[in-house]
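# Structural description and commentary
Listed below are the residues making up each chain.
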Amino acid sequence: MEILKAEVKTNEPHTFSFSKPVQQYMVGFSGYVLKYDRPDHHVREISVDLSNAVKNNNEIIVTPQLKLNDNSGHHQSAQSYITVVVIANVGDGNPNLNLIPIVNK
């Protein structure tokens, strides 16, 4: 099992490269920095979407979306980023580890 993390700007793909082919993986986040260009806002919604993840042999490509909407319809700055964490079962894998691919809310 290997764990990698990176700070990734919202809506920009990032490639996580593991030492061996990935058998199973799970994508999560450990934090984010949400920047806003306007001087005043009333936050209505903050959301994190990590569902855009693609496995390609020993790589996982993640394009995170971090969104802020305020009461006036303004959005987050393009400089916002999220700390993405990828846990992967690599190589021959670990028979004692089973990552569940879909988690229901």
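Presented here is a report on the structure given in the accompanying data block.

The rules behind the values
Residues numbered from 1 in each chain as written. Predicted model: local features only at pLDDT ≥ 70, side-chain atom pairs only at ≥ 80, totals over all residues. Heavy atoms only, no water. Pairing = 2+ DSSP bridges. Helix = DSSP H or I, 4+ residues; strand = E, 2+ residues; numbered from the N terminus. Axes fitted to C-alpha atoms, helices over the stretch in contact; angles between N-to-C directions. Core = buried A, V, L, I, M, F, W, Y, C linked by side-chain atoms within 4.5 Å. Buried < 20%, exposed > 50% of the residue type's maximum accessible area, 1.4 Å probe, protein only. Contact = heavy atoms within 4.5 Å. Polar contact = N/O pair within 3.5 Å; in protein donor to acceptor, adjacent residues only side chain to side chain. Phe/Tyr/Trp six-rings, centres within 6.5 Å; stacked < 30°, edge-to-face > 60°.

### Considering the sheet that holds strand β8 (residues 81–90)
In spatial order, the strands read β1-β8-β3; together these 3 strands make up an open sheet with antiparallel pairing. The open sheet has two edge strands, β1 (2–9) and β3 (22–33), and neither has a second partner. For this sheet the average axis-to-axis angle between neighbouring strands, irrespective of direction, equals 20°. Sheet topology note: the β1/β8 ladder contains 8 bridges and is antiparallel. Within β8, the residue paired with Glu2 across the bridge is Ala88.

### Side note on the nonpolar core
Core analysis: the biggest nonpolar cluster contains 14 residues, and Phe16, Phe18, Val22, Ile60, Val62, Val84 and Val86 have the highest contact counts within it. Put simply, the parts of the chain that give this core at least two residues each are β1, β6 (59–62) and β8. It is β8 that contributes the most residues to this core, 5 residues altogether. Discounting residues that sit within four places of it in the chain, Val86 has contacts with Glu2, Ile3, Leu4, Phe16, Phe18, Tyr25, Met26, Val27, Ile60 and Val62.

### Some points on the side chain of Thr10
Inspection of the secondary structure assignment puts Thr10 in the loop between β1 and β2 (14–17). Looking at Thr10, its side chain comes within polar contact range of the main-chain nitrogen of Leu66, at 2.9 Å.

### Some details on the pairing of β6
Taking every second residue as pointing to the same face, the buried face of β6 carries Ile60 and Val62, while none of Glu59 and Ile61 on the other face is buried. Alignment of β2 against β6, held across 4 bridges, turns out to be antiparallel. The residue of β6 that forms the bridge with His14 is Val62. As judged from the 4 bridges shared by strand β5 (residues 53–56) and β6, these two strands associate in the antiparallel manner. The residue bridging Asn56 from the neighbouring strand is Glu59, located in β6. Two successive antiparallel strands, β5 and β6, enclose a turn made up of 2 residues, where Asn57 displays a positive phi of approximately 60°.

### Here's the deal with the packing of aromatic side chains
Tallying each qualifying case throughout the model produces 1 aromatic pair. With centroids separated by 6.2 Å and ring planes inclined at 45°, the aromatic side chains of Phe29 and Tyr32 adopt a geometry described as tilted. Take Tyr32: its relative accessible area is 37%, and that puts it in the partly exposed class.

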